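# Understanding the architecture of this molecule
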Amino acid sequence: MNDKLTHPYLLQVSDLSYDDIYKIFNRAKYFIDNYKAGTKFDDLKGISVALAFFENSTRTKLSFDLAAKRLSAEIINFQTSTSSLSKGESLIDTLRTIEAMGVDIYVVRHNCSGAAQFLQENTNGIIINAGDGKHEHPTQALLDTFTLYRHFGKLEGLRVCIIGDILHSRVARSDIAMLKILGAEVGLCSPGTLIPRAKDIWDVTLFDTIEEGVAWADTIILLRLQRERMESGILPSIREYTKYYGVTLQLFSKKPGLVLMHPGPVNYGVELDYELSSYPNVLIQTQVTHGVFIRMALLSLLGQYVKQSSKS
Ligand code: CP
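Residues numbered from 1 in each chain as written. Predicted model: local features only at pLDDT ≥ 70, side-chain atom pairs only at ≥ 80, totals over all residues. Heavy atoms only, no water.

### Notes on the sheet that holds strand 6 (residues 185–189)
What the 5 strands build is an open sheet, ordered 7-6-5-8-9; its pairing is parallel. In this open sheet, the two edge strands, each paired with only one partner strand, are strand 7 (205–207) and strand 9 (259–261). Averaged over all adjacent pairs, the angle separating strand axes in this sheet is 25 degrees, with direction ignored. With 3 bridges connecting them, strand 8 (residues 219–222) and strand 9 associate as parallel partners. Considered in strand 9, the bridge of Thr-219 is made with Val-259. (Pairing = 2+ DSSP bridges. Helix = DSSP H or I, 4+ residues; strand = E, 2+ residues; numbered from the N terminus. Axes fitted to C-alpha atoms, helices over the stretch in contact; angles between N-to-C directions.)

Structure follows, in structure tokens:
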């Protein structure tokens, strides 16, 4: 295989071309088709991957960990709570320390927007952004669009309505950008206080009510209220949010064939009724499963840059 991506890093969706995205999808499909429990591929043999998560994660961290293991990488797990960050060591010194140990690829999550870019500019390794503040979460966009591609068979013209806290969501920013590259139509539905003022830059359709958004869409992507990033007073109450923007079984059942996705973690009872969690066409678990294969594909393709530089 020699099918390199345009850039030797992934900081944001705009780093990927249309062709890059389909290279990743095709590689993910290869892994799905050829993976059997316990199979190890040797794509990252001799390559070390640091999982540097400065902010909490379940899905992204575990799936990168599993993906790197399945590709036979050496893996370093960095825990903020037990690191020397608590003794005052800076972010850049922390990364340089890890770099001095001979790490090739860094998977970085941080609560500051732009942290991944900053590290890319200050280290020689390959940086993958696993979520930076409110900015971007490009591998989530890859697994979301891959899940839609597998379900519908195409993305051109597909109508996707993103519902919830757009303002604080790096997933929304990355999903909108990737869906547009892939030719899908995007709608947004959110309380006025939870959507950026400069939304016109996205070329999206705005919906005042969730009923209008659902009637328009082939797929709805729900977002969690990111209370950890919210100023107080931005919403009258959670109960009111649920009344106007929560998805119930009754609403979902009105439209046969409608697909529902959520990047997780889900706050059941707020944005989604629990009884919908394992309902047909609710693809939340499929997204998680695809996350491992998409991250295998990305690591495998970026690993070629490491192999090339070690030869030269
Ligand atoms: N979707 C997502 O980023 O989930 P985690 O925060 O659990 O990684």
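### A short note on the domain arrangement of the protein chain
Taken as a whole, the protein chain is organised into domain 1 (13–136 + 288–311) and domain 2 (138–284). Placing a centre on the C-alpha atoms of domain 1 and another on those of domain 2 gives a separation of 26 Å. Its largest share of buried area at the contact with domain 2, domain 1 owes to Val-13, Phe-25 and Lys-134, together 25% of the area lost on that side. The interface formed by domain 1 and domain 2 holds 1 salt bridge in total. (Domains from an automatic or database assignment. Buried area = accessible area lost by both parts, 1.4 Å probe. Salt bridge = Lys/Arg side-chain N within 4 Å of Asp/Glu carboxyl O.)

### Here's the deal with the packing of helix 1 (residues 18–34) against helix 5 (residues 138–152)
At a closest axis distance of 11 Å, the pairing of helix 1 and helix 5 adopts a crossing angle of 70 degrees. Relative to helix 5, the element helix 1 is oriented roughly perpendicular. In this structure, helix 1 meets helix 5 at a crossing whose hand is right-handed. Taken together, the residues of helix 5 that come into contact with helix 1 (itself represented by Ile-21, Tyr-22, Ile-24, Phe-25, Ala-28, Lys-29 and Ile-32) are Leu-142, Thr-145, Phe-146, Tyr-149 and Arg-150. Considering only residue class, the contact of helix 1 with helix 5 consists of 9 nonpolar, 1 polar and 2 charged. (Parallel < 35°, antiparallel > 145°, perpendicular 65-115°, else oblique. Left-handed = near helix turned anticlockwise from the far one by under 90°. Contact = heavy atoms within 4.5 Å. Nonpolar A, V, L, I, M, F, W, Y, C, P; charged D, E, K, R; others polar.)

### Points about the nonpolar core
Counting 64 residues, the largest nonpolar core has Ile-24, Phe-25, Leu-142, Ile-162, Leu-188 and Leu-299 as the members making the most contacts within it. Broken down by element, the residue count for this core peaks at 11 residues, all from helix 10 (residues 284–311). When residues of this core are assigned to domains, at least three fall in each of domain 1 (13–136 + 288–311) and domain 2 (138–284). Discounting residues that sit within four places of it in the chain, Leu-188 has contacts with Cys-161, Ile-162, Ile-166, Ile-176, Ile-195, Trp-202, Val-204, Thr-205, Leu-206 and Phe-207. The next biggest cluster of nonpolar side chains, apart from the first, holds 27 residues, and it includes Cys-161, Leu-194, Leu-222 and Tyr-241. (Core = buried A, V, L, I, M, F, W, Y, C linked by side-chain atoms within 4.5 Å. Buried < 20%, exposed > 50% of the residue type's maximum accessible area, 1.4 Å probe, protein only.)

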